[in-house]
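# A closer look at the structure
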There are 2 protein chains.
Amino acid sequence: MNNLLEIIKEIAIPSPTKIVLLVIDGLGGLPDPKTGKTELETAHTPNLDRLATKGICGLSDPVAPGITPGSAPGHLALFGYDPVSFQIGRGVLEAVGIDFDLQPGDIAARGNFCTIDKDGLVTDRRAGRVSNEKCIELCQLLDGQLIDGVRILVPPVREHRFAAIFRGQGLALEVSDSDPLRVGVAPKSITALNPEASKMASVANGFITHARATLTEHYPANMVLLRGFSQHPQLPTMSEIYQLKPAAIASYPMYRGLAKLVGMEVLKTGTAIEDEFTTLKQNYANYDFFFLHIKPADNAGEDGDFDRRVKIFEQFDSIVPELTKLEPDVIVVTGDHSTPAMLKGHSWHPVPLILYSKWCRPDRVTEFSEPACLPGGLGRFPATQVMPLAMANALKLTKFGA
Amino acid sequence: MNNLLEIIKEIAIPSPTKIVLLVIDGLGGLPDPKTGKTELETAHTPNLDRLATKGICGLSDPVAPGITPGSAPGHLALFGYDPVSFQIGRGVLEAVGIDFDLQPGDIAARGNFCTIDKDGLVTDRRAGRVSNEKCIELCQLLDGQLIDGVRILVPPVREHRFAAIFRGQGLALEVSDSDPLRVGVAPKSITALNPEASKMASVANGFITHARATLTEHYPANMVLLRGFSQHPQLPTMSEIYQLKPAAIASYPMYRGLAKLVGMEVLKTGTAIEDEFTTLKQNYANYDFFFLHIKPADNAGEDGDFDRRVKIFEQFDSIVPELTKLEPDVIVVTGDHSTPAMLKGHSWHPVPLILYSKWCRPDRVTEFSEPACLPGGLGRFPATQVMPLAMANALKLTKFGA
């Protein structure tokens, strides 16, 4: 843990106050050159504007200015974990993203089905993006093998993607990848990067040899590539750090998985924004911290669909009164990163944020958008400060030092 | 020392220019819901507004956003010391707060007189808040004992509070507290947290046994509790770091003690704001740095007295011309933390600040208040940057790097 988390852990106290953290995935945007306005500026959001007026606003950097975050660092930062100190390997992320129950000691790798030619050279790293059904069928062929006392579990993810989980004694994660990351060359042999990892390397190579033999009749998916060998990061939980009883409401498995990594209880919910708000209402009495994840704005950004993002923000805005009616002590509305339609992908731009509580010191911001948040009272700040601020405003932190 | 202090130490140069740092304890506030204005916004402060207009403004975080600082971290940060790296134990703070002259090697604990019942269980951790006179009388009974070659000094603080200073060879501070922090249980035995501290634990337990026997007829103050064993932090002095000749003007012992910890010379002064300004004028020729501490706004905040805070700010404002007449090269007006009347205590909210010098780059702020400082040229910044900025504006720092 870094210094700030250590301090928070010392001064956090349990209390009946409630915090709701609304994460609108990919919230931040860029202006449409025709209008000069971002998606959020274009959207008509009277309820968010009202919340911005009563609350304190700002723009946060998930990792650091200029750094485009993936979903894991973007969310870890919002939960208060420095995303540079706490890095989550690709294998682990793939496993938690499908609700796979990683056990202590498990080593997980991200797997691809791929195509190799008769000389063993990779011709397609994604095996023509096989169907989900085919992925399930192939994973069943590979699942459950035992090599040198190590059981290898192979749950499907989707299309060409799967996870490979190695469970057994004497494993270490310091091994190289087999994925060459380009075509025209053979898959690489996995090598141990230190002596402790030699068993891991030989078991992984054994698994690949066996997979190649098993898949020989399954062209284009006639080989596998592995990368990102990693272990459950064993993060200190949010209950340990913040003395909270936290719950997550998210319809996508990746975000449920991230919430589980920090010790949140993951609630059953539906796929629509409305379902998530219903779940919040039904469980409101039982927890004091809620992480509510709203996905569609990110997808629309990745698709480059400016107008769809505008509509999603407006739809979200119309549900905000359902939240304010619950009267949480602290409401935070923000995103895990920006996904501007103009860039069709995640970006480095800071993310607008509203923090509302009875004890915030309101600024003069009266609108929720990137430019409107700029002169806000929170200024521009690292996303890891969101949780300390939310905790303080919920009166869940005592004084530091005498 | 952290990196920034190391750099400052390398580039600091002595010069005849003068810096005055005015610390208005608990300066920052929160709006009165009736008017939407904070204490400082409500106060009529034409002189501070003029200084804000000529100077550069901003809002500082004493420790970090969301963290409510005690007096020690709030002041250390203003003096340029990272309050997370330099933590001062409760025992030391109690001792320096009564002008007790701690010597190297002394170990100090915070003491309470408390009440125990016939079974030895604590029934009141504060012994009914005995009078200051009683406190002095009881401390005299306990003071000066010698156990295993260790002299135990017991200066009174006030009411039920005292300090216990252990002076002798072979002591280490890693021992547990005896204070159980709740009633209905017995005081805890002090235990060594590492082998080097075993003598300290046994001497402290011996002191407590002796105290219990001595106090048996002094119900409700018939027992003592100790906590926060700590040692003089041996901070690098402000002269070493900044090449300054610094003086402190403060009417409360706690702040005089903190100033001494960083090597300031503490000047004799009276209890009114006017007395402190007179002391400043009388000693103006003899030092190049003045820390002037103004206490009453914090007390009014703790009392929840919004209107008294407004009046104190106005009273302070009326004396500001006395300061500007002296024409210091740099004037900083700020606080060590916020104490909003609405919260009746210290809070995490950032603290407004004016820095005036001939060499500051003025912004467009024309009023001294929390919202007015938001768009100021210093932005929102950690309080540890106040000293480097003051030093630079006093032309007391040379270039870093060639």
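Quick summary incoming for the structure in this document. Nothing here was measured: the structure is a model prediction, and the numbers come from that model.

Scanning chain A from terminus to terminus reveals 14 helices and 15 strands. Counting over 402 residues, chain A shows a buried share of 56%. Looking at chain A alone, contacts between residues at least 24 apart form 73% of all its contacts between residues at least 6 apart. Roughly 15900 Å² of accessible area belongs to chain A as shown, and the carbon and sulfur atoms make up 51% of that amount. Positive and negative charge centroids in chain A, built from 39 and 46 side chains respectively, lie 1 Å apart.

Quick look at the nonpolar core now. If you look at the biggest cluster of nonpolar residues, it comprises 67 residues, and the most contacted ones within it are Y81, M238, Y242, M264, F289, F291 and L355 of chain A. Ranked by the residues each element gives to this core, the list is headed by helix α14 (residues 386-393) of chain A, at 6 residues. Apart from the residues lying within four places of it in its own chain, the contact partners of L355 of chain A are G55, I56, V330, I331, V332, C360, L378, L389, A390 and N393 of chain A. Core analysis: the second largest hydrophobic core is formed by 54 residues, A77, L261, F291 and A390 of chain B among them.

Across the boundary between the two partners, chain B contributes 35 residues, which contact 27 residues of chain A. Of all residues in chain B, P65, I67 and W348 of chain B give up the largest surface area on contact with chain A, accounting jointly for 23% of the area buried on that side. Along the contact surface separating chain B from chain A lie 1 salt bridge. A salt bridge links E41 of chain B to R364 of chain A; the nearest nitrogen and oxygen atoms lie 3.8 Å apart. The tally of links from chain B across to chain A stands at 7 residue pairs in polar contact (both at pLDDT 80 or more). Looking at the side of chain B that touches chain A, the elements with two or more residues in it are α4 (71-78), α5 (90-96) and α13 (370-373) of chain B. Residues that form the side of chain B that touches chain A fall into these classes: 20 nonpolar, 10 polar and 5 charged.

Residues and elements named next belong to chain A. Per the counting criterion, the structure on display carries 0 disulfides over all chains. The thiol of C57 is not disulfide-bonded; the next cysteine sulfur, from C373, is found 4.3 Å away. We classify C57 as buried; its relative accessible area is 0%.

Our focus in this paragraph is unusual backbone geometry. Omega for the bond connecting Y219 of chain A with P220 of chain A falls within 30 degrees of zero, at 5 degrees, which places this linkage in the cis form. Checked against the element boundaries, P220 of chain A lands in the loop between α7 (198-215) and β9 (223-231). The phi dihedral of D99 of chain A falls on the positive side, at around 65 degrees, and the residue is not glycine. As for its placement among the helices and strands, D99 of chain A is situated in the loop between α5 (90-96) and β3 (107-116). The phi dihedral of Q243 of chain B is positive, around 60 degrees, even though this residue is not glycine. The topology assignment puts Q243 of chain B in the loop between α8 (238-242) and β10 (246-249). You can call Q243 of chain B partly exposed: its relative accessible area is 34%.

Residues and elements named next belong to chain B. Helix α14 (residues 386-393) sits mainly inside the fold: 6 of its 8 residues count as buried. Here α14 has its buried residues at V386, M387, P388, A390, M391 and N393. Following α14 by one or two positions, L395 has its phi on the positive side, about 55 degrees.

What follows is about the sheet that holds β10 of chain B. All names here are of chain B. Strand order in this open sheet of 8 strands is β11-β10-β12-β1-β13-β14-β2-β15, and the pairing throughout is mixed. Unpaired on one side and paired on the other, β11 (265-266) and β15 (379-382) mark the two borders of the sheet. Pairing of β10 with strand β12 (residues 289-294) involves 4 bridges; the strand directions are parallel. Residue pairing across strands places I249 opposite L292, the latter belonging to β12.

The two copies are related by a screw operation: chain B maps onto chain A through 122 degrees of rotation and 0.1 Å of translation along the axis, at an RMSD of 0.2 Å. Accordingly, the operation relating the two chain copies is best matched by a three-fold axis. Among all residues of chain B, the one whose C-alpha sits closest to the rotation axis is P375 of chain B, at a distance of 3.7 Å.

Now for the packing of aromatic side chains. Per the stated rule, a full pass over the model turns up 18 aromatic pairs over all chains. Between the aromatic rings of Y287 of chain B and F290 of chain B, the centroid separation amounts to 5.9 Å while the plane-to-plane angle is 75 degrees, which identifies the pairing as edge-to-face. Residue Y287 of chain B is classed as buried on the basis of its relative accessible area of 8%. Note that K18 of chain A overlies the ring of Y284 of chain A, its terminal NZ or CZ placed 5.1 Å from the centroid. Above the face of the Y287 of chain A ring, K245 of chain A is positioned so that its terminal group lies 5.1 Å from the ring centre.

Residues and elements named next belong to chain A. Most of strand β12 (residues 289-294) sits inside the fold, with 6 of its 6 residues counted as buried. Burial along β12 is two-sided: F289, F291 and H293 and F290, L292 and I294, pointing in opposite directions, are all buried. Pairing of strand β1 (residues 19-24) with β12, which is carried by 6 bridges, proceeds in the parallel orientation. Paired with L22 across the two strands is L292, which belongs to β12.

Residues and elements named next belong to chain A. On the basis of which strands lie adjacent, the open sheet formed by 8 strands has the order β11-β10-β12-β1-β13-β14-β2-β15 and mixed pairing. The sheet is open, and its two edges are formed by β11 (265-266) and β15 (379-382), each paired on a single side. In this sheet, strand β14 (residues 351-357) lies alongside strand β2 (residues 56-61) in antiparallel orientation, the contact comprising 5 bridges. Residue I56 lies in a different strand from β14, and its bridge partner there is L355. The sheet strands contacting helix α3 (residues 46-54) are β2, β13 (330-334) and β14, and the helix crosses β14 at an angle near 65 degrees.

All names here are of chain A. Here T339 lies in the loop between β13 and β14. Given the relative accessible area of 0%, T339 is considered buried. Here D298 takes part through its side chain, which lies 2.7 Å from a polar atom of the side chain of T339. Setting aside residues no more than four positions away along its own chain, T339 makes contact with G26, G28, E39, D298, G301, E302, R309, G345 and H346.

Mapped onto the elements, H160 of chain B comes out in the loop between β7 (156-158) and β8 (161-167). Look at H160 of chain B and you get buried, because its relative accessible area is 3%.

Close approach of charged atoms allows side chains with opposite charge to pair. All names here are of chain A. Taken as a whole and assessed by the stated rule, the structure comprises 39 salt bridges over all chains. Across the salt bridge formed by D99 and K260, the nearest N and O atoms sit 3.4 Å from each other. Of this pair, D99 sits in the loop between α5 and β3 while K260 sits in helix α9 (residues 253-261), placing them 161 residues apart in sequence. Note on K260: relative accessible area 42%, which makes it partly exposed. Its salt-bridge partner being E322, residue K281 comes within 2.6 Å of it at the nearest N-O pair. Taken together, the residues K281 in helix α10 (residues 273-283) and E322 in helix α12 (residues 306-324) connect sequence positions 41 residues apart. Taken together, the shared-partner salt bridges in this structure form one network comprising E94, R110 and R161.

The rules we used
- Residues numbered from 1 in each chain as written.
- Chains lettered and ligands numbered in written order.
- Predicted model: local features only at pLDDT ≥ 70, side-chain atom pairs only at ≥ 80, totals over all residues.
- Heavy atoms only, no water.
- Helix = DSSP H or I, 4+ residues; strand = E, 2+ residues; numbered from the N terminus.
- Buried < 20%, exposed > 50% of the residue type's maximum accessible area, 1.4 Å probe, protein only.
- Contact = heavy atoms within 4.5 Å.
- Areas by Shrake-Rupley, 256 points an atom, 1.4 Å probe, with all protein chains shown as cover.
- Lys, Arg positive; Asp, Glu negative; His and termini not counted.
- Charge placed at Lys NZ, Arg CZ, Asp CG, Glu CD.
- Core = buried A, V, L, I, M, F, W, Y, C linked by side-chain atoms within 4.5 Å.
- Buried area = accessible area lost by both parts, 1.4 Å probe.
- Salt bridge = Lys/Arg side-chain N within 4 Å of Asp/Glu carboxyl O.
- Polar contact = N/O pair within 3.5 Å; in protein donor to acceptor, adjacent residues only side chain to side chain.
- Nonpolar A, V, L, I, M, F, W, Y, C, P; charged D, E, K, R; others polar.
- Disulfide = S-S within 2.5 Å.
- Pairing = 2+ DSSP bridges.
- Least-squares fit on C-alpha atoms with pLDDT ≥ 70 in both.
- Phe/Tyr/Trp six-rings, centres within 6.5 Å; stacked < 30°, edge-to-face > 60°.
- Lys NZ or Arg CZ within 6 Å of the ring centre and 35° of its normal.
- Axes fitted to C-alpha atoms, helices over the stretch in contact; angles between N-to-C directions.

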